[in-house]
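Residue strings, one per chain:
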Amino acid sequence: MTPLDPFAQHIQDRSLTVGIYGLGYVGLPLALRFAEVGGKVLGFDIDPVKVAKLNWGESYIERIEPRLIQAA
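Computed from a predicted model, the values in this text were never measured in an experiment.

Here is what the cut-offs are and how they apply
Residues numbered from 1 in each chain as written. Predicted model: local features only at pLDDT ≥ 70, side-chain atom pairs only at ≥ 80, totals over all residues. Heavy atoms only, no water. Buried < 20%, exposed > 50% of the residue type's maximum accessible area, 1.4 Å probe, protein only. Helix = DSSP H or I, 4+ residues; strand = E, 2+ residues; numbered from the N terminus. Pairing = 2+ DSSP bridges. Right-handed = clockwise from strand over helix to strand, strands pointing away. Salt bridge = Lys/Arg side-chain N within 4 Å of Asp/Glu carboxyl O. Core = buried A, V, L, I, M, F, W, Y, C linked by side-chain atoms within 4.5 Å. Contact = heavy atoms within 4.5 Å. Polar contact = N/O pair within 3.5 Å; in protein donor to acceptor, adjacent residues only side chain to side chain.

## Section: the pairing of strand β1 (residues 17-21)
Step number 1: Here β1 shows one buried face, formed by V18 and I20, and one open face, formed by T17, G19 and Y21.
Step number 2: Looking at chain direction, β1 and strand β2 (residues 40-44) are connected through five bridges and run parallel. Counted as the bridge partner of Y21 is F44 from β2.
Step number 3: Since β1 and β2 lie parallel, the crossover through helix α2 (residues 27-36) that links them has a hand, and here it is right-handed.

## Comments concerning the pattern of salt bridges
Step number 1: The final tally for this structure, using the stated rule, is three salt bridges.
Step number 2: R33 is the partner of E36 in a salt bridge, and the nearest nitrogen-oxygen pair spans 2.5 Å. Here R33 and E36 lie together in helix α2, a separation of three residues that amounts to about one turn.
Step number 3: In this structure, K50 engages D45 in a salt bridge whose closest nitrogen and oxygen atoms are separated by 3.7 Å.
Step number 4: Overall, the relative accessible area of 22% leaves D45 in the partly exposed class.

## Examining unusual backbone geometry
Step number 1: Phi at R14 takes a positive value of approximately 60 degrees, unusual for a residue other than glycine.
Step number 2: Tracing the backbone shows R14 in the loop between α1 (6-12) and β1.
Step number 3: In this structure R14 comes out as partly exposed when scored by relative accessible area, which is 49%.

## Thoughts on the nonpolar core
Step number 1: Of all hydrophobic cores here, the largest spans 10 residues; its members are V18, I20, L23, L28, A31, L32, L54, I61, I64 and I69.
Step number 2: The element contributing the most residues to this core is α2, with three residues.
Step number 3: If near-sequence neighbours (up to four positions away) are discounted, I20 is found in contact with G27, L30, A31, F34, V41, L42, G43 and F44.

## As for the side chain of S59
Step number 1: With respect to the element layout, S59 can be found in the loop between α3 (48-55) and α4 (66-71).
Step number 2: From its side chain, S59 meets the backbone oxygen of I61 in a polar contact 2.8 Å long.
Step number 3: Side-chain polar atoms of S59 contact the backbone oxygen of I64, separated by 2.8 Å.
Step number 4: S59 has contacts with I64, E65, P66 and I69, leaving out every residue within four places of it along the chain.

Here it is as structure tokens:
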């Protein structure tokens, strides 16, 4: 068995931090999925209203429940 390369090792031990630019209809669900499986996620967006809602644990996308954002 060959040892894992450093990138694969970070994925396996969940020490990898993922950065997602744009927390819209694609970026936010992607960020939530990474967080759901135990990954560290940094989300970036230029819309201050969107960022404020997320920081308050609210959702601005109807199909995404606030509890998912709060859990992340």
